[in-house]
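Report on the structure
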Amino acid sequence: RPVCVWAQDAAVFGGRVGIVHAGKIVTLMERALKARIPCVGMIDSEGIRWEEMITTPTNYAYDRIINEQVKASGVIPQISLIMGPCKGAAAISAQISDFVFMVRSGSCMCVSPPAEGVSLDAMGDPVMHFKKTGCCDVLADSDDACIEKARELLGFLPLNNKDRMIPVDNGDDVNREAPELLDIVPGDSKKPYRVQEVISVIADNGRFFEIKAGWAANLVVGFARFGGKSAGIIANNPRVMGGCLDVDSADKLARFVRFCDAFNVPLVYLADTPAFLPAIEQERKGIIRHGAKAIFSNSVATTPQMQ
């Protein structure tokens with residue numbers, strides 16, 4: 001299946017973005033949008049080549065790149081693989097993508113430069129983004145693993161918002177029974193369980209590609225196949241916070257639903273939650289606003305949904 005890819009080379013000018021550098025990225029993204037195929041960017045850059053920005057009357061850099069990203073949003077899948085430094089406008093650009101991958105050792109992402117005495121790693125640590133901020137969708141152990149995980153994710157996605165996913169013949173019988181579910185899900189609603197185990201049992205070949213696994217773990221989202229066809233999974237996780245929804249999980253749900261709806265990926269809900277978390281802290285963080293976004297995204301979605 002075709003895909004457009006661009007990659008920054010840190011061995012040349014530190015991978016810094018100049019006029020020609022940005023122009024090549026923009027041209028490729030325009031071609032990806034015209035051809036209606038996914039676009040993957042591999043980021044490893046020290047930032048912008050300021051000397052070119054000063055001498056050139058037009059800033060042909062991240063303003064044009066972000067503009068093309070916005071045009072392509074909801075039309076073709078966009079994935080950013082952060083395999084080195086990703087600072088300033090580059091970090092904003094990466095977040096506009098549908099999915100952000102980071103490498104556990106060697107990558108970092110931040111908007112502002114670190115203060116004196118603070119390391120760049122401390123500002124943009126990938127584990128921190130994976131667990132605390134939710135800015136990292138998938139955390140890989142190496143550059144090679146990062147590319148392999150991106151390839152795996154693309155296998156679950158259509159080429160564009162008009163494309164139909166071709167079913168995969170994976171040899172898993174759609175009529176098979178799953179008696180092990182009786183052992184995973186307890187009869188007592190007060191006893192927790194890992195919903196990932198349930199998903200692994202019902203999904204084809206037990207294969208589940210989880211998104212944002214380290215952040216807002218009380219809600220699990222990701223992709224699986226049923227009868228060889230891709231579907232998005234949204235599941236409450238009783239193992240964490242009893243499956244209650246909070247401000248972070250509401251945002252996690254809303255973003256994932258919007259993506260699946262844009263690309264006509266069916267949604268399967270595994271519901272086991274006592275609703276929103278009743279807490280003063282949550283109210284002060286705006287649970288009403290965040291919760292409304294989750295409910296709104298579900299209400300306007302036109303992709304097939306099953307609960």
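Residues numbered from 1 in each chain as written. Predicted model: local features only at pLDDT ≥ 70, side-chain atom pairs only at ≥ 80, totals over all residues. Heavy atoms only, no water.

**Focus on the confidence of the model for the chain**
Predicted coordinates in regions of low pLDDT should not be interpreted in detail. Of the residues in the chain, 97% have a pLDDT of 70 or more, and the chain-wide mean is 92. The element-level mean pLDDT for the chain is lowest in helix H2 (residues 50-55), coming to 69, with strand E8 (residues 208-211) highest at 98. (pLDDT = per-residue confidence, 0-100. Helix = DSSP H or I, 4+ residues; strand = E, 2+ residues; numbered from the N terminus.)

**A word on the side chain of Arg225**
Here Arg225 is to be found in strand E9 (residues 219-226). In contact with Arg225, not counting residues within four places along its chain, are Gly155, Phe156, Val168, Asn170, Ala203, Asp204, Arg207 and Ser230. (Contact = heavy atoms within 4.5 Å.)

**Side note on the environment of Val26**
Here Val26 is to be found in helix H1 (residues 19-35). Put simply, Val26 and Arg289 are 263 residues apart on the chain and 35 Å apart in space, counted from C-alpha to C-alpha.

**Observations concerning helix H7 (residues 143-156)**
Look at H7: 21 Å from first C-alpha to last across 14 residues, which is about the 20 Å you get at 1.5 Å a residue. Along H7, the residues that are buried comprise Cys146, Ala150, Leu153, Leu154 and Phe156. With its buried residues spanning 150° around the axis, H7 presents them on a single face. (Expected span 1.5 Å × (residues − 1). Buried < 20%, exposed > 50% of the residue type's maximum accessible area, 1.4 Å probe, protein only. Arc of directions from axis to C-beta.)

**Here's the deal with the packing of aromatic side chains**
In this structure the tally under the stated criterion is seven aromatic pairs. Here the aromatic cluster, defined as three or more aromatic residues joined through ring pairs, consists of Phe99, Phe156, Phe209, Phe223, Phe256, Phe259 and Phe263. Positioned above the aromatic ring of Phe156 is the side chain of Arg225, whose terminal nitrogen or guanidinium carbon lies 4.4 Å from the ring centre. (Phe/Tyr/Trp six-rings, centres within 6.5 Å; stacked < 30°, edge-to-face > 60°. Lys NZ or Arg CZ within 6 Å of the ring centre and 35° of its normal.)

**A short note on the sheet that holds strand E1 (residues 4-7)**
Here five strands make up an open sheet; going across it, the order is E1-E2-E3-E5-E7 and the pairing parallel. With one partner strand each, in any of the chains shown, E1 and strand E7 (138-140) form the two edges of the open sheet. Neighbouring strand axes in the sheet, compared pairwise and without regard to direction, differ in orientation by 15° on average. Sheet topology note: the strand E3 (residues 78-82)/strand E5 (residues 99-103) ladder contains four bridges and is parallel. Each residue of the ladder has a partner; that of Ile82, found in E5, is Met102. (Pairing = 2+ DSSP bridges. Axes fitted to C-alpha atoms, helices over the stretch in contact; angles between N-to-C directions.)

**Re the side chain of Gln78**
Along the polypeptide, Gln78 turns up in strand E3. Within the structure, the side chain of Gln78 is placed 3.1 Å from the backbone oxygen of Gln69, a separation counted as a polar contact. Apart from the residues lying within four places of it in its own chain, the contact partners of Gln78 are Met29, Cys39, Gln69, Ala72, Ser73, Ser97, Asp98 and Phe99. (Polar contact = N/O pair within 3.5 Å; in protein donor to acceptor, adjacent residues only side chain to side chain.)

**Let's talk about the packing of helix H10 (residues 247-262) against helix H12 (residues 287-300)**
Relative to each other, H10 and H12 sit at 25°, their axes nearing to 8 Å. Classified by the interaxial angle, the pair formed by H10 and H12 is roughly parallel. The two elements H10 and H12 meet at a crossing, and its hand is left-handed. Contacts between H10 and H12 involve Val247, Ala250, Asp251, Leu253, Ala254, Val257, Arg258 and Asp261 on the former and, on the latter, Ile287, His290, Gly291, Lys293, Ala294, Ser297, Asn298 and Val300. Grouping the amino acids of the contact of H10 with H12 by side-chain chemistry returns eight nonpolar, four polar and four charged. (Parallel < 35°, antiparallel > 145°, perpendicular 65-115°, else oblique. Left-handed = near helix turned anticlockwise from the far one by under 90°. Nonpolar A, V, L, I, M, F, W, Y, C, P; charged D, E, K, R; others polar.)

**Some words on the nonpolar core**
Within the largest apolar cluster, 35 residues are counted, with the highest numbers of intra-cluster contacts made by Leu81, Phe99, Phe101, Leu153, Ile211, Phe223 and Ile234. Filtering out sequence-adjacent residues up to four positions away, Leu153 remains in contact with Ile79, Phe99, Phe101, Phe209, Ile211 and Phe223. Cys4, Ile25, Ile65 and Val100 belong to the second largest nonpolar core, which has 31 residues in total. (Core = buried A, V, L, I, M, F, W, Y, C linked by side-chain atoms within 4.5 Å.)

**Comments concerning helix H9 (residues 195-202)**
Every buried residue of H9 is listed here: Val195, Gln196, Val198, Ile199 and Val201. Those residues of H9 that are buried lie in contact with helix H8 (181-184), E8, E9, strand E10 (229-236) and strand E11 (267-270).

**Some points on unusual backbone geometry**
One non-glycine residue, Arg36, lies in the positive phi region at around 60°. Tracing the backbone shows Arg36 in the loop between H1 and strand E2 (39-43). Residue Arg36 is classed as partly exposed on the basis of its relative accessible area of 36%. Positive phi, normally seen in glycine, also occurs at Asn205, with a value near 55°. Mapped onto the elements of the fold, Asn205 is located in the loop between H9 and E8.

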